[in-house]
Amino acid sequence: RGGGDEPGGGDEPVSGEETLIYSYDYSTEGSTVPGYWGQGAEPTVEDGALVIVNEEEKEQIYNLQLFIANGFNTKEGYTYKIKVTMKAEGEKEGECNLATAAWGGSNMDGGFKFGITDDFVEYEMTYANPEDVDQSGAHTLWQSGKFVGTVYIKKIEIYEIAPDHPIVIEDEPMYDTTIPL
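These numbers come from a predicted model, not from an experiment.

(A) Quick look at the overall build of the chain. The helix and strand tally for the chain stands at 0 helices and 11 strands. Taken from N to C terminus, the helices and strands of the chain fall in the order β-β-β-β-β-β-β-β-β-β-β. A buried classification covers 43% of the 181 residues belonging to the chain. Counted over contacts in the chain with a minimum sequence separation of 6, partners at least 24 positions apart contribute 75%.

So, in structure tokens, the structure goes:
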């Protein structure tokens, strides 16, 4: 960001700029689930990862859901990118849905497919916050009721991406349009 009279200066974010607004790394932050709420699973933290075990396929993807992020703010009109560093064990690839909202607020939904791997892989998804929604105390729900197996989440990061702002010219016109040519 610039400052003073520079383009992009002051307090206005630069269009397209990504700003990290939330990060939780289970390998360094401890052994608790932040602001835990969930159903369909009892997650634990083991060996630096949030461990989610699902032994049988649920009827709906949302029949296994839990907080993986909690206590951040979102702004109307902004885009959000969520990065999840994880690995999974199971018979076949899985799919998750991520829903971000404050209690009683509007959801921003999306998701991604994930593979079976021995190594941690970073997955990401992006979604836009509705034009009329500012939310404080937001959370992100992980939903993966259709996946049978074990998911290990090492880290989650949430980035805020500034919206496009039109260029506003506040100076006087360069030409005097009152003088005939």
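Here the narrative resumes, following the displayed structure.
(B) Structural view of the packing of aromatic side chains. Evaluated as defined, the whole model comprises 6 aromatic pairs. Residues Phe 112 and Trp 142 carry aromatic rings whose centres are separated by 6.2 Å and whose planes lie at 70° to one another, so their mutual orientation is edge-to-face. A residue pair is termed long-range when its members are at least 10 positions apart, and Phe 112 in strand 8 (residues 108–114) and Trp 142 in strand 10 (residues 135–143) qualify at 30 residues. For the residue pair Phe 112 and Trp 142, the accessibility class agrees, reading buried in each case. Among the aromatic residues, those joined into a cluster by ring pairs are Phe 112, Phe 114, Tyr 123, Trp 142 and Phe 147. Positioned over the ring face of Tyr 152 is Lys 87, at 5.4 Å from the centre of the ring. The cationic tip of Lys 154 hangs over the ring face of Phe 120; the distance from NZ or CZ to the ring centre is 5.5 Å.

(C) Structural detail: the layout of surface pockets. When its volume is computed, the second largest pocket comes out at roughly 180 Å³. Forming the boundary of the second largest pocket are Glu 57, Glu 91, Lys 92, Glu 93, Gly 94, Glu 95, Lys 113, Lys 146, Phe 147 and Val 148.

(D) Here's a closer look at the pattern of salt bridges. Under the criterion given, the structure shown has 5 salt bridges. Taking the shortest distance from any N to any O, the salt bridge between Lys 146 and Glu 57 comes out at 3.4 Å. With Lys 146 in the loop between strand 10 and strand 11 (149–161) and Glu 57 in the loop between strand 4 (49–54) and strand 5 (65–74), the pair connects residues that are 89 residues apart, well separated along the chain. Of the charged contacts, one joins Lys 81 and Glu 124 as a salt bridge, the two residues approaching to 3.6 Å between their closest N and O atoms. Placement of the pair is Lys 81 in strand 6 (residues 79–90) and Glu 124 in strand 9 (residues 121–128), with a sequence separation of 43 residues. Looking at Glu 124, the relative accessible area reads 39%, which means it is partly exposed. Where salt bridges share partners, they join Glu 18, Lys 81 and Glu 124 into one cluster.

(E) Examining the nonpolar core more closely. Counting residues in each nonpolar core, the largest one holds 34 residues, and the members touching the most others are Val 84, Met 86, Phe 112, Phe 114, Trp 142 and Ile 153. The element that contributes the greatest number of residues to this core is strand 6, accounting for 5 residues. Filtering out sequence-adjacent residues up to four positions away, Ile 153 remains in contact with Tyr 26, Ala 49, Leu 50, Ile 52, Ile 68, Val 84, Thr 85, Met 86 and Trp 142.

(F) View of the pairing of strand 8. The side-chain alternation of strand 8 yields one buried face, formed by Met 108, Gly 110, Phe 112 and Phe 114, and one unburied face, formed by Asp 109, Gly 111 and Lys 113. As paired elements, strand 7 (residues 94–101) and strand 8 share 7 bridges and run antiparallel to each other. In the sheet register, Glu 95 faces strand 8, and the bridge partner there is Lys 113.

(G) Just the environment of Glu 29, in detail. With respect to the helices, strands and loops of the structure, Glu 29 is situated in the loop between strand 1 (18–25) and strand 2 (38–39). When the C-alpha atoms of Glu 29 and Lys 155 are compared, they prove to be 9.8 Å apart, with 126 residues separating the residues in sequence. When neighbours within four sequence positions are excluded, Glu 29 is seen to be in contact with Ser 23 and Tyr 24.

Conventions used here
- Residues numbered from 1 in each chain as written.
- Predicted model: local features only at pLDDT ≥ 70, side-chain atom pairs only at ≥ 80, totals over all residues.
- Heavy atoms only, no water.
- Helix = DSSP H or I, 4+ residues; strand = E, 2+ residues; numbered from the N terminus.
- Buried < 20%, exposed > 50% of the residue type's maximum accessible area, 1.4 Å probe, protein only.
- Contact = heavy atoms within 4.5 Å.
- Phe/Tyr/Trp six-rings, centres within 6.5 Å; stacked < 30°, edge-to-face > 60°.
- Lys NZ or Arg CZ within 6 Å of the ring centre and 35° of its normal.
- 1 Å grid on protein atoms, 1.4 Å probe; cavity = no way out; pocket = protein on both sides within 12 Å on 5 of 7 lines; lining within 4 Å.
- Points joined across faces, edges and corners; volume = space filled by probe spheres on them.
- Salt bridge = Lys/Arg side-chain N within 4 Å of Asp/Glu carboxyl O.
- Core = buried A, V, L, I, M, F, W, Y, C linked by side-chain atoms within 4.5 Å.
- Pairing = 2+ DSSP bridges.

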